[in-house]
Amino acid sequence: MLIWIAVLLVPATSLAEEGFADETPARLDWSMRMEVGSPVSGVVTRVKVQPGDRVGEGDVLVSLDDRAPKAELARARAQEQRLKLAREEAEREYERTREMYDRALISSRELALAEIDQSMARAAHQGARAELTQARLGLEYSQVKAPMEALVVARHVHPGQVVQNTLQVQPLLTLAVVQPMVAVLEVSSRRAAELEPGTQVRVRVEDQEFQGRVQRVGFEALEGDPGNFRARVAFDPPEDHRLRAGMSAWVVLP
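Residues numbered from 1 in each chain as written. Predicted model: local features only at pLDDT ≥ 70, side-chain atom pairs only at ≥ 80, totals over all residues. Heavy atoms only, no water.

### Concerning the pattern of salt bridges
In step 1: A complete count under the given rule lists 15 salt bridges for this structure.
In step 2: The salt bridge involving Arg-75 is made with Glu-72; its shortest N-O contact spans 2.8 Å. Of this pair, Arg-75 and Glu-72 both sit in helix α3 (residues 67-102), separated by three residues, roughly a single helical turn.
In step 3: Close ionic contact of Arg-87 with Glu-91 constitutes a salt bridge, the shortest N to O distance being 3.5 Å. Taken as a pair, Arg-87 and Glu-91 lie in helix α3 at a separation of four residues, close to a single helical turn.
In step 4: Put simply, Glu-89, Arg-92, Glu-93 and Arg-96 are held in one network by salt bridges that share partners. (Salt bridge = Lys/Arg side-chain N within 4 Å of Asp/Glu carboxyl O. Helix = DSSP H or I, 4+ residues; strand = E, 2+ residues; numbered from the N terminus.)

Set out below in structure tokens:
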């Protein structure tokens, strides 16, 4: 009995120093994970990255055969130029007709017909300009670029593979934002009410420890576990870290 009493009288600070702090198991995750692809179909001609590569915003990751988009762009440019000239001629014709009408040389019906021709020419040219923009985008989309600085975590295509995006965009690569890293944990309803975004915590991964901050706490209990909520803690490991999503971690809560 005396032994149990002695243990109970040990100060709480001593217990924390001996490893009895409020540590909660967690799993590491990327702060953002996304699949990238192209809205156009085509044949993959080159994949410039491999899993594990770091890429910067705007870097070309995958190239599709661009011969068809280039031909479509040339056709759209020629069509836009032709209809631009037709619009300009229709506008000049309308001005001539308007002048003759003001001099009472022609009827109002002839003026109305000239105005209709001008409107139709303008509409046709506007449509050609839209097609030209679409053709430019088609050529641009044949080069799949990184939308942000990220880590390549998975590759889904190889040179020579046909990418068919008629109904749904096919993922070509999976990218992840690795700074900051995130520790995902489950907390009780009491803890969920106490933790606020920005609360300072510590994250332990194997023999490394990092200063972290609560990113957010879920507002809905976990499915099948109404007493617990999911929380996310962000922390900034060194640039050369080798942490990976799915690794086990511990979050030391205040």
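Once you've had a look at it, read on.
### What to know about unusual backbone geometry
Among all residues save glycine, negative phi is the norm, and among peptide bonds the norm is trans.
In step 1: The omega torsion across Gln-179 and Pro-180 is 0 degrees, close enough to zero to call that bond cis.
In step 2: You can see Pro-180 is positioned in strand β8 (residues 173-188).
In step 3: Of note, the phi angle at Glu-206 is positive, near 55 degrees, even though the residue is not glycine.
In step 4: With respect to the helices and strands, Glu-206 occurs in the loop between β9 (200-205) and β10 (208-217).
In step 5: Classification of Glu-206 as exposed rests on a relative accessible area of 62%. (Buried < 20%, exposed > 50% of the residue type's maximum accessible area, 1.4 Å probe, protein only.)

### Notes on the sheet that holds strand β4 (residues 60-64)
In step 1: Taken together, the four strands give an open sheet; going across it, the order is β5-β4-β2-β7, and neighbouring strands pair in antiparallel fashion. Looking along the sheet, the strands with just one partner apiece sit at the ends: β5 (143-145) and β7 (162-163).
In step 2: As judged from the three bridges shared by strand β2 (residues 42-47) and β4, these two strands associate in the antiparallel manner. What sits directly across from Val-47, in β4, is Val-62. (Pairing = 2+ DSSP bridges.)

### Remarks on the side chain of Glu-80
In step 1: By secondary structure assignment, the location of Glu-80 is in helix α3.
In step 2: Nearest to the buried, unbridged Glu-80 among oppositely charged side chains is Arg-129, at 5.0 Å.
In step 3: Every residue in contact with Glu-80, bar those within four places of it in the chain, is listed here: His-125, Ala-128, Arg-129 and Leu-132. (Lys, Arg positive; Asp, Glu negative; His and termini not counted. Contact = heavy atoms within 4.5 Å.)

### Observations concerning helix α4 (residues 108-141)
In step 1: With 34 residues, α4 ought to run about 50 Å at 1.5 Å a step, and its terminal C-alpha atoms sit 50 Å apart, in line with that.
In step 2: Regarding α4, the residues found buried are Leu-111, Ala-114, Gln-118, Ala-121, His-125, Ala-128, Leu-132, Ala-135 and Gly-138.
In step 3: Buried residues in α4 make contact with α3. (Expected span 1.5 Å × (residues − 1).)

### Section: the environment of Gln-79
In step 1: Mapped onto the elements, Gln-79 comes out in helix α3.
In step 2: As for Gln-79 and His-125, which are separated by 46 residues in sequence, their C-alpha atoms are 8.6 Å apart.

### Quick word on the environment of Asp-207
In step 1: By the element assignment, Asp-207 lies in the loop between β9 and β10.
In step 2: In this structure the C-alpha to C-alpha distance between Asp-207 and Ala-249, which are 42 residues apart in sequence, comes to 10 Å.

### What to know about the pairing of β10
In step 1: Bridge analysis of β9 against β10 gives six bridges, and the strand direction is antiparallel. In the strand pairing of β10, Val-205 is matched with Gln-208.
In step 2: Counting the residues between successive antiparallel strands, the hairpin from β9 to β10 contains two residues, one of them, Glu-206, with a positive phi of roughly 55 degrees.

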